[in-house]
Protein chains: 2
Amino acid sequence: MTDEVQAPAQEPTPRPHAGDVGIVAPRDYVHPAPFTFRSGQTLPGFTLRYETYGELNATRDNAVLVCHALSGDHHCAGRHAESDPKPGWWNNLIGPGKAVDTRRFYVVCANVLGGCQGSTGPSSTNPATGHPYGIRFPFVTVPDMVNAQKLLLDHLGVSELHAVIGGSMGGMTAMMFAIEYPLFTKRQIIMASTARESAQAIAFNEVGRQAIMQDPAWNNGDYPREGGPRVGLAIARMMAHITYLSDAGMDRKFGRRKRESAGGEAYTFDAQFEVESYLRHQGQSFINRFDANSYLYITRAIDQFDPARAAGSLEQAFAPVQAESLVVGFTSDWLFPPEQNRDIALALLRAGKRASYAELSTDLGHDSFLLESDELYSLVQGFLERNETYVFDFAI
Amino acid sequence: MTDEVQAPAQEPTPRPHAGDVGIVAPRDYVHPAPFTFRSGQTLPGFTLRYETYGELNATRDNAVLVCHALSGDHHCAGRHAESDPKPGWWNNLIGPGKAVDTRRFYVVCANVLGGCQGSTGPSSTNPATGHPYGIRFPFVTVPDMVNAQKLLLDHLGVSELHAVIGGSMGGMTAMMFAIEYPLFTKRQIIMASTARESAQAIAFNEVGRQAIMQDPAWNNGDYPREGGPRVGLAIARMMAHITYLSDAGMDRKFGRRKRESAGGEAYTFDAQFEVESYLRHQGQSFINRFDANSYLYITRAIDQFDPARAAGSLEQAFAPVQAESLVVGFTSDWLFPPEQNRDIALALLRAGKRASYAELSTDLGHDSFLLESDELYSLVQGFLERNETYVFDFAI
């Protein structure tokens, strides 16, 4: 425990000996009882694939739930094997001595219900037919994802969440945890998110869905696991990927540079600009790891997310929240722009909650929440460890 | 000529009796000689479909060439029949007593070479095979479009252009007219355009091209005129259409309103939000009027457009320009944003040319150049008529 005292929250830079969580193994939680979705549809049970890093403490109150975005999964830190070329998607934030310090916190991350990385979703086998559910899978909403993850946390013996943290759809998930389980959720960190998508964001998701559903290989959602609407899914991903970056960031990264093989004024429809081959690669690699029906379900859940709608206003939706909140917007995020993040914090404040808003200047667009940035790390670390530090101060 | 004296440029509002050009008929110019493209490829001849409004004067110097954008055509004003539900695409700007006054100017507008609305393009019959050219059509660049239109203007007996005017790709065409035919081009109006697309704009075009080319019905560009990659083309159009609007404009127009038939919390992948059905309609109506191969060729021409590249800088590219220039940017245009329009005017000024930049506040995004706006009309009218008014002043 000495380390914790040596690195109080007042020290804004990441800890000097920050390391990785090492080799990790995903596990499956099989929920053995029926689960009812917001739509009224049910499943006889479900599986969530998840990972944990660090140890649950004796009082079972040091858990940090990490929530992933549309195309993310449960593997947010460490490697599955020494030979893995890349670590989990938030490895820069999570680990011993990092902003989410696994020496202090018990970190849990699960693939969402409706996903395709091991959790039950449309590509799972429907026990009634022996075939994948396809679009007979129940409609999933962000509250459904939250309820399923709460059952996992109960199973793990977590008595309360020290914090829930997520970016993009992960921020919606965090927000919904704080609303649905207010006594359980002590802190939330919402990054690059929104309390309701704009028409433009819905429009982009709809084009992606149409690219999938208009692909003849979609076949009304019935396709073999290794087949399906690969063309449509790749197009959806290429387009969405543009919305995760920024104009300035793309100009910095690619500009109008041409591929070496493209020649000066090549007259061809092959990829000529570097940005073209980059996007083609993004589309192709995505279809090898993501299920097209999951893409439909999860984008629909994101589009439908709108806690203010039923409550009458966002302030009213936030009325039950007990968590302290940190909301982080990024200047170059045009998918869920800073204003929409600021509005979350303002609505929490108007509802009488403790909430802070921070805005970071970046050119990485929506994906900025994955940024390697000491500024972001220290914000997260300071927020997660503040109260613990108070305890130490008090003890002294 | 009396009308002209009664409505001098100092009067900033549109003329009170502004009317339409009425029923118009497109014509075909058949260029009878071989045409060489920038790529070095040739055609034995070509056809440009065009319309004219107003009369060429005795000195043959009152022509205004109107240049269309990616999906536009030669039909920019009036109707082809009384029963036409909609007039030409720039009817609000062009007509007797309007900003581009057809009582004063001889307005010419042609479908670009490579297009699909009557001008020779990839859907035209290749005389060598009896089938459409497909992607055996020569690669088209903006300079090729300009050279073909110059041949049309020569044919029409135009001795000089009073002005060339266009938005988006039409602005690129105007810019290239002023560069390629400096003595011929007396004025240029460039709206919502750019001297070189950013990586993001190239990326969106590339996703559209991939949606078309990955559609099995594209068949390497060989498809029957009534068939082809309709799915891919519709997806390309839906996505592109988002980039022509703005986030704020879409929120004003659609917000998160649901379709009446969609119900409150309908769980379906059918269109639920109004913006979804609007986009689906845009995609479907486009495939009935546009050729997928033309979409590939014209987007490629737009992506390749970069006059500064060969010249070394935009100032050097503009060195030959003799035209007076008006560049108009629109605050909510994020495809070809105001800065990129401002940069055109600045480069003209740095090159020692007469150039003005105006920026209009709108929420209509890139499509703002089609805006119904007295502010825009008076800018255009003032710029087109200024020198003529000087002549009258001098005569008095």
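Definitions and cut-offs
Residue positions are given per chain, counting from 1 as you read along its sequence in written order. Following the order in which they are written, the chains are lettered starting with A and the ligands numbered starting with 1. Totals for whole chains, interfaces and linings use all residues, but because this is a predicted model, local features are given only for residues with pLDDT of at least 70 and pairs of side-chain atoms are given and counted only at 80 or more. Here a strand is any run of E in DSSP of at least two residues, a helix any run of H or I of at least four, and the numbering for each starts at the N terminus. Throughout, the radius of gyration refers to the C-alpha atoms, and the reference size of a globule is 2.2 Å times the residue count to the power 0.38. Working definition of burial: number of other C-beta atoms within 10 Å of the residue's own, with buried at 20 or more, exposed at 12 or fewer, and partly exposed in between, all C-beta atoms being placed from the backbone. Here the axes come from fitting lines to C-alpha atoms, over the contacting stretch only for helices, and the angles between their N-to-C directions go from 0 to 180 degrees. Working definition: roughly parallel below 35 degrees, roughly antiparallel above 145 degrees, roughly perpendicular at 65 to 115 degrees, and oblique for all remaining angles. We call a crossing left-handed when the near helix sits turned anticlockwise from the far one by less than a right angle, and right-handed when that turn is clockwise. Throughout, a residue-residue contact means that the two C-beta atoms, derived from backbone geometry, are no farther apart than 7 Å. Under the scheme applied here, ten amino acids are nonpolar (Ala, Val, Leu, Ile, Met, Phe, Trp, Tyr, Cys and Pro), four are charged (Asp, Glu, Lys and Arg), and all others, including Gly, are polar. For a helix, the expected span equals 1.5 Å multiplied by the number of residues minus one. Each pair of strands is called paired provided DSSP finds at least two bridges between the two strands.

Asks: Account for the overall build of chain A, naming residues and giving values.
Replies: Each helix and strand in chain A was counted, giving 12 helices and 12 strands. In terms of overall size, chain A behaves like a compact globule, its C-alpha atoms giving a radius of gyration of 21 Å where 396 residues would be expected to give roughly 21 Å. Its C-alpha atoms give chain A principal-axis dimensions of roughly 70 × 55 × 50 Å. Residues classed as buried in chain A amount to 57% of the 396 residues present.

Asks: Can you explain the packing of helix H5 (residues 230-244) of chain B against helix H7 (residues 274-287) of chain B? Please cite residues and give values.
Replies: Residue and element names in this part refer to chain B. With their axes 8 Å apart at the nearest point, H5 and H7 run at an angle of 130 degrees to one another. In terms of axis orientation, H5 runs oblique to H7. Remark: the crossing between H5 and H7 carries right-handed chirality. Taken together, the residues of H7 that come into contact with H5 (itself represented by Arg230, Leu233, Ala234, Ile235, Arg237, Met238 and His241) are Leu279, Gln282, Gly283, Gln284, Phe286 and Ile287. Split by residue class, the contact of H5 with H7 holds seven nonpolar, four polar and two charged.

Asks: For helix H5 (residues 230-244) of chain A, give the residues involved together with the corresponding values.
Replies: Taking 1.5 Å per residue as the helical rise, H5 of chain A with its 15 residues ought to reach 21 Å, and the 21 Å between its terminal C-alpha atoms agrees with that figure. Counting buried positions over the 15 residues of H5 of chain A gives 14, a clear majority of the element.

Asks: So what about the sheet that holds strand S5 (residues 63-67) of chain A? Which residues, and what values?
Replies: Through backbone hydrogen bonds, the strands of a sheet pair up, either in parallel or in antiparallel fashion. Residues and elements named next belong to chain A. Taken together, eight strands build an open sheet; the order of strands is S1-S4-S8-S5-S9-S10-S11-S12 and the sheet is mixed. Each of the sheet's edge strands pairs with one partner strand only, and the pair in question is strand S1 (27-31) and strand S12 (355-360). Each adjacent strand pair in this sheet contributes to an overall mean axis angle of 20 degrees, direction not counted. Here five bridges tie strand S10 (residues 187-191) to strand S11 (residues 324-330), and the two strands are oriented parallel to one another. Within S11, the residue paired with isoleucine 189 across the bridge is leucine 326.

Asks: Can you explain the environment of leucine 65 of chain B? Please cite residues and give values.
Replies: Residues and elements named next belong to chain B. Residue position: leucine 65 is located in strand S5 (residues 63-67). Classification of leucine 65 by C-beta neighbours within 10 Å gives buried; the count is 28. A C-alpha to C-alpha distance of 4.6 Å links leucine 65 and valine 164, two positions 99 residues apart in sequence. Here leucine 65 is in contact with Val108, Gln149, Leu153, Leu161 and Val164, once residues within four sequence places are set aside.

That is the geometry; function is a separate question.
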